[in-house]
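Analysis of the macromolecular model
Here is how the chains run, residue by residue.
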Amino acid sequence: MDMNPIISVAGLSKVYGNGHRALHDITLNIHSGEVLALLGPNGAGKTTLISIICGIVNPSEGSVTVSGYDIEEDYRITRAMIGLVPQELTLPSFDTVWHTVCFSRGLFGKEPNPAYLEQLLRDLSLWDKKDSAIRTLSGGMKRRVLIAKALSHQPLVLFLDEPTAGVDVELRKGMWNLVTGLKKLGVTIILTTHYIEEAEAIADRVGVIHKSELLVIDDQQALKHKLGKRQMTIELEQPIASVPHSLSGWSLELSGEGRQLVYTYDSHSEHTGISGLLDAVNSTGLLLKDVSTSQSSLEDIFISLVGTE
Amino acid sequence: MINTQAAKTIYKYEMLRAWNTIMQSFVSPIISTVLYFVVFGSAIGSRIETVEGVSYGAFIVPGLVMLALLTQSVANASFGIYFPRFTGTIYEVLSAPISFVEILLGYVGAAATKSFIIGMIILATSGFFVELNITHPFWMLGFLILTCISFSLLGFIIGLWADNFEKLQLIPMLVITPLVFLGGSFYTIDMLPPAWQTVSLFNPVVYLVSGFRWSFYEVADVGVGISLLMVLLFTAICLAIIWWIFKTGYRLKQ
C-alpha cells in the first residue's frame, strides 16, 4: 500500500437546503491502494461524503483533492479516476446488461473495449446474463451490474456505498473476495457499511462517522490498541458476595453471579498489574477455576464511540 | 476540452431509445398530423378560399409541421432528462467527467434530431395531400433545425424543473399547446381583431410559424429577419437558463 494520499479531504462541511447538517469539518486522507471502511449508523453522513467526492452533491465548505486535483476546478480529471457504486439499485430497467455497461464506459469518455468489458462481466459472473434486461435480474445480480458499471472505465478509486446491504451471506463473501481482488490490482477502495464484521474482514483502515463528524480513523490494530480494552476474567470455584477489600487496588468488577472477577487493563503499558493481582487473589484464599483474557472487538469500540442507538 | 465520446454515448443511447419505442416516437405524431390534414385541410379547408394566394390546405402545412415539431421537441427532451432523474440513474451522468455542454449535446441533440426526422416525414407526407412549393429551401431547413433545437432546450428545462410526472405534462398542456394554436398555425395574424394581433406579437411561436411559412410561400406575419432574431433570442434565453441550472445545481445537485 502506497502511503501517499490519493484523496485528501480538508475541512469538509455540508448543510442541506432544509438546514440539515450532514457533514461537519471532515478532514481525512485516503491512501493509494488501501481499503478504507467508513462505519456509522444510518444518517451519519457517509453517503453525503461519498456523494461530494464524486460530484453528485455540492459541498458547503472545505475542499477535496483526488491525486492532487481539486474536485471542483479539475472535475474532469478527478471524476475520470473514480467509480461509484450507489447504495440504491438505481439501474435502467429496460436496458440489457451489456448495453448499460457500454453506456457507462462511453459516458466516462473511454473508447469502446469489448474485450475488457467481457472479462469484467465474466469476473462478476454476469457474462451469461449480458443480453438479459436488467429488470429480469435478481437483487444480487443488479448489485453486480452496478459494480460492473462503476468499473467499466477502469477507475483508480472505487466507492462502494453499502455494497452488502440486504445481500445474503454467500454474496457478501463474494463481494469481499471482489474487493480483495481489486485491491491486488491497485484499486483504492472506500466502502461504507454498518456491518462491523465487514470492516473487520476486508478493511485496512476504519473510519467512524457519527452525527456528521469523523470520530476516528486509523488502521484496525491501532484502533484496538488506542480505543480497545483488554480484560482478564478470573473464574472462581465458589461465588462471593463482594470483591475482597485486599483486592480494592485493582478496581475489579464482580460478575457471573459472583463467580467471576473481571480486570480491565492496558496490555501495552509497562505494568499490567496481572502478576500482582494473581498473587493477591491467591493470598485471599479464593480457589481459582479458570483464567482467561480477551481483547475488545471492533464492534465493542464502535459501540463505545456511537452508543447502542 | 469537450468529451466527445461521452456526448456521443448519450446521443446514441437516446436515439436508440426512440428507435425501440418507434410507435410512440415517430408513428403517433405522424398519424395525428395526418388527421389534422384530413380535418382542417380537406374537410374544412375545401370551404375556405385561398389565404394570401395560397390554398388553405397548403397554407397550413408549415403550421402543422411546426405544431408537431414544437410538441415533439418539448416532449422528447423533457422526458429524456426527467426519466433518469425519476429513476435515480442520473447519478451516473452527474459523476461523469463531463460538463453541461456534453449533457446538452447528448440529450438535446438527440431530442432535436428526433423532432427533425418527424418534421421531415410530416413534410413528405403532406406532399400526398397538397402541392408543396418551397421557395427558400435553405431558410426552411434553417428554421426547422433552429426550432428543433430551441424547443428541445425548452423541453430540457422543463424536464429539469419538473419533480413529478404531472408537472412534466403541465407546461406542454397549459403553455405550449395554446401558444401553438394561437401562433398562427391555421391562420394569419391579420385575420385577428387588432387587440389580439398585438397580444400575438408576444407569442414566440408566431415568429417561428411566420418565418417558416415565409420560406415556403413568401407569406409572413412579421419580417423574416425579425423571425430569425426572435428564434435566436429564445434559444439564447433557454441556453442561459440551462447554464444557470448546471452552475447552481438547481434540482440536480443538493
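Residues numbered from 1 in each chain as written. Chains lettered and ligands numbered in written order. Predicted model: local features only at pLDDT ≥ 70, side-chain atom pairs only at ≥ 80, totals over all residues. Heavy atoms only, no water.

Attention shifts here to the overall build of chain B. Within chain B, the regular secondary structure consists of 10 helices and 0 strands. In chain B, the succession of α and β elements from N to C terminus is α-α-α-α-α-α-α-α-α-α. Overall, chain B is about 60 × 40 × 35 Å in size when its C-alpha atoms are taken along their principal axes. Looking at chain B as a whole, 52% of its 254 residues are labelled buried. A separation threshold of at least 6 residues defines the contact pool for chain B, and within that pool the share at least 24 residues apart is 81%. Per element, the accessible surface of chain B, about 11,400 Å² overall, is 72% carbon and sulfur. Taking the 11 positively charged and 11 negatively charged side chains of chain B as two groups, their mean positions are separated by 15 Å. (Helix = DSSP H or I, 4+ residues; strand = E, 2+ residues; numbered from the N terminus. Buried < 20%, exposed > 50% of the residue type's maximum accessible area, 1.4 Å probe, protein only. Contact = heavy atoms within 4.5 Å. Areas by Shrake-Rupley, 256 points an atom, 1.4 Å probe, with all protein chains shown as cover. Lys, Arg positive; Asp, Glu negative; His and termini not counted. Charge placed at Lys NZ, Arg CZ, Asp CG, Glu CD.)

Take the packing of aromatic side chains next. Counted under the stated rule, the structure contains 22 aromatic pairs over all chains. Plain terms: the ring middles of Tyr56 of chain B and Phe59 of chain B are 6.3 Å apart, the flat faces sit at 25 degrees to each other, and that makes the pair stacked. Pair noted here: Tyr56 of chain B and Phe59 of chain B are both in helix α3 (residues 56-87), with a separation of 3 residues, about one helical turn. The exposure class assigned to Tyr56 of chain B is buried, which follows from its relative accessible area of 8%. Three or more aromatic residues joined by ring pairs form one cluster here, namely Phe79, Tyr82, Phe83, Phe86 and Phe165 of chain B. Just above the ring of Tyr195 of chain A sits the side chain of Arg172 of chain A; from NZ or CZ to the centre is 4.1 Å. (Phe/Tyr/Trp six-rings, centres within 6.5 Å; stacked < 30°, edge-to-face > 60°. Lys NZ or Arg CZ within 6 Å of the ring centre and 35° of its normal.)

All names here are of chain B. A grouping of Leu16, Trp19, Ile22, Met23, Val27, Ile31 and Leu35 is seen on the molecular surface, where their side chains present a nonpolar patch of about 660 Å² in accessible area. Where the nonpolar patch is concerned, the elements lending two or more residues are α1 (4-20) and α2 (22-44). Element by element, the count of residues in the nonpolar patch is highest for α2, at 5 residues. (Patch = residues over 30% accessible without salt bridge, like charges linked within 9 Å, V, L, I, M, F, W, Y side chains within 5 Å. Salt bridge = Lys/Arg side-chain N within 4 Å of Asp/Glu carboxyl O.)

Each partner contributes residues to the interface: chain B has 27 residues there, and chain A has 29 residues. Buried area between chain B and chain A, summed over both chains or domains, comes out near 2,400 Å², and the portion from carbon and sulfur atoms is 57%. On the surface where chain B and chain A come into contact, there are 2 salt bridges. Taking the shortest distance from any N to any O, the salt bridge between Lys149 of chain A and Glu92 of chain B comes out at 3.0 Å. Linking chain B to chain A there are 9 residue pairs in polar contact (both at pLDDT 80 or more). Broken down by secondary-structure element, the contributors of at least two residues to the side of chain B that touches chain A are α1 and α4 (90-94) of chain B. Residue contributions to the side of chain B that touches chain A peak at 6 residues, all from α1 of chain B. (Buried area = accessible area lost by both parts, 1.4 Å probe. Polar contact = N/O pair within 3.5 Å; in protein donor to acceptor, adjacent residues only side chain to side chain.)

Moving on, we get to the packing of helix α6 (residues 137-161) of chain B against helix α7 (residues 165-181) of chain B. All names here are of chain B. Close contact between α6 and α7 brings their axes to 8 Å; oriented N to C, the two are set at 140 degrees. One way to sum up the angle between α6 and α7 is to call them oblique. Here α6 and α7 pass one another in a crossing that is right-handed. Residue-level inspection shows Phe151, Leu154, Ile158, Gly159 and Trp161 of α6 in contact with α7, the latter providing Lys167, Leu168, Ile171 and Ile176. Considering only residue class, the contact of α6 with α7 consists of 7 nonpolar, 1 polar and 1 charged. (Axes fitted to C-alpha atoms, helices over the stretch in contact; angles between N-to-C directions. Parallel < 35°, antiparallel > 145°, perpendicular 65-115°, else oblique. Left-handed = near helix turned anticlockwise from the far one by under 90°. Nonpolar A, V, L, I, M, F, W, Y, C, P; charged D, E, K, R; others polar.)

Our focus in this paragraph is helix α4 (residues 114-123) of chain A. Residues and elements named next belong to chain A. All of the buried residues along α4 are Leu117, Leu120 and Leu121. In an axial view of α4, the angular spread of the buried residues amounts to 95 degrees, which keeps them on one side of the axis. Of the exposed residues in α4, the ones pointing more than 90 degrees away from its buried face are Ala115 and Asp123. One or two steps after α4, the chain reaches Ser125, where phi turns positive at roughly 55 degrees. (Arc of directions from axis to C-beta.)

What follows deals with unusual backbone geometry. Residue and element names in this part refer to chain A. The phi dihedral of Gln154 falls on the positive side, at around 55 degrees, and the residue is not glycine. You can see Gln154 is positioned in the loop between α5 (139-151) and β7 (157-161). According to the relative accessible area criterion, Gln154 is partly exposed, its value standing at 36%.

The next subject is the sheet that holds strand β11 (residues 230-236) of chain A. All names here are of chain A. What the 4 strands build is an open sheet, ordered β12-β13-β11-β14; its pairing is antiparallel. Every interior strand has two partners, whereas the edge strands, β12 (253-255) and β14 (288-295), have only one. The average angle at which neighbouring strand axes cross in this sheet is 25 degrees, direction not considered. Judged from the 6 bridges that link them, β11 and strand β13 (residues 260-265) form a sheet pairing that is antiparallel. Paired with Glu235 across the two strands is Gln260, which belongs to β13. Across the sheet, helix α9 (residues 274-283) lies against β11, β13 and β14, angled at about 15 degrees from β11, the strand it touches most. (Pairing = 2+ DSSP bridges.)

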